[in-house]
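A closer look at the structure
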Amino acid sequence: MSRRERSQPSVASVTRDLARLTRAEQVELLAVLQGLLAAEEAQEEARSPSSKPFTYRGPKGGKGSIELKTINGCGPYRYLRYWSGNKHRSVYLGKAEDAEDCD
């Protein structure tokens, strides 16, 4: 069993945690979730041969994307880039599946 499988949260446990957040934190989390869903949808559309190319729409129309970064020669690392109000934010999602370990 991998570390990710052991630590996989359930919808019920996440919901309990959500109830303890402030309203501002819940709104921020909603922006994160919308960005993540939009990024995953864009990736699925890009893999589909009949899909239209994804275009960046900015804070008024675009929700999010997943960016791969190499840092100090290590990685790639996955980051969710999303819009929260008029601010472009980033959240670390973890190493990409094909990431190489660096010492």
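Presented here is a report on the structure given in the accompanying data block. If you're wondering where the values come from, they're calculated on a predicted model, not measured in any experiment.

As summarised here, the arrangement of the three strands in space is β1-β2-β3, forming an open sheet in which the pairing is antiparallel. Whereas interior strands pair on both sides, the edge strands pair on one side only; in this sheet they are β1 (64-71) and β3 (87-100). Taken over all neighbouring pairs, the strand axes of this sheet differ in orientation by 30° on average, direction set aside. When β1 meets strand β2 (residues 74-84), the two strands line up antiparallel, connected through seven bridges. By the bridge assignment, Ile 66 is partnered in β2 with Leu 80.

This part takes up the nonpolar core. In terms of nonpolar packing, the biggest core is built from six residues, these being Ala 31, Val 32, Ala 39, Ile 66, Leu 80 and Tyr 82. When residues of this core are traced back to their parent elements, those giving at least two are α3 (23-47) and β2. The leading source of residues in this core is α3, at three residues. Residues contacting Ala 39, with those up to four places away along its chain left out, are Gly 64, Ser 65, Ile 66 and Leu 80.

With that out of the way, let us pick up the packing of aromatic side chains. For any two aromatic rings, the description comes down to two numbers: the centre-to-centre distance and the angle of the planes. For the coordinates displayed, the defined rule picks out two aromatic pairs. Taken together, a centroid distance of 6.2 Å and an interplanar angle of 55° make the contact between Tyr 77 and Tyr 92 tilted. Of this pair, Tyr 77 sits in strand β2 while Tyr 92 sits in strand β3, and the two are 15 residues apart along the sequence. One aromatic cluster is present, formed by Tyr 77, Tyr 79 and Tyr 92 through successive ring pairs.

Attention now goes to a negative patch on the surface. A surface patch of negative charge is lined by Glu 40, Glu 41, Glu 44 and Glu 45. As for its position among the elements, Glu 44 is in helix α3. For Glu 44, a relative accessible area of 53% gives the class exposed.

Moving on, we come to unusual backbone geometry. Cis geometry marks the peptide bond from Gly 75 to Pro 76; its omega dihedral reads 5°. Tracing the backbone shows Pro 76 in strand β2. The backbone of Asn 72 sits at a positive phi, close to 50°, despite the residue not being glycine. Inspection of the secondary structure assignment puts Asn 72 in the loop between β1 and β2.

Each value, and the rule that gives it
Residues numbered from 1 in each chain as written. Predicted model: local features only at pLDDT ≥ 70, side-chain atom pairs only at ≥ 80, totals over all residues. Heavy atoms only, no water. Pairing = 2+ DSSP bridges. Helix = DSSP H or I, 4+ residues; strand = E, 2+ residues; numbered from the N terminus. Axes fitted to C-alpha atoms, helices over the stretch in contact; angles between N-to-C directions. Core = buried A, V, L, I, M, F, W, Y, C linked by side-chain atoms within 4.5 Å. Buried < 20%, exposed > 50% of the residue type's maximum accessible area, 1.4 Å probe, protein only. Contact = heavy atoms within 4.5 Å. Phe/Tyr/Trp six-rings, centres within 6.5 Å; stacked < 30°, edge-to-face > 60°. Patch = residues over 30% accessible without salt bridge, like charges linked within 9 Å, V, L, I, M, F, W, Y side chains within 5 Å. Areas by Shrake-Rupley, 256 points an atom, 1.4 Å probe, with all protein chains shown as cover. Salt bridge = Lys/Arg side-chain N within 4 Å of Asp/Glu carboxyl O. Lys, Arg positive; Asp, Glu negative; His and termini not counted. Charge placed at Lys NZ, Arg CZ, Asp CG, Glu CD.

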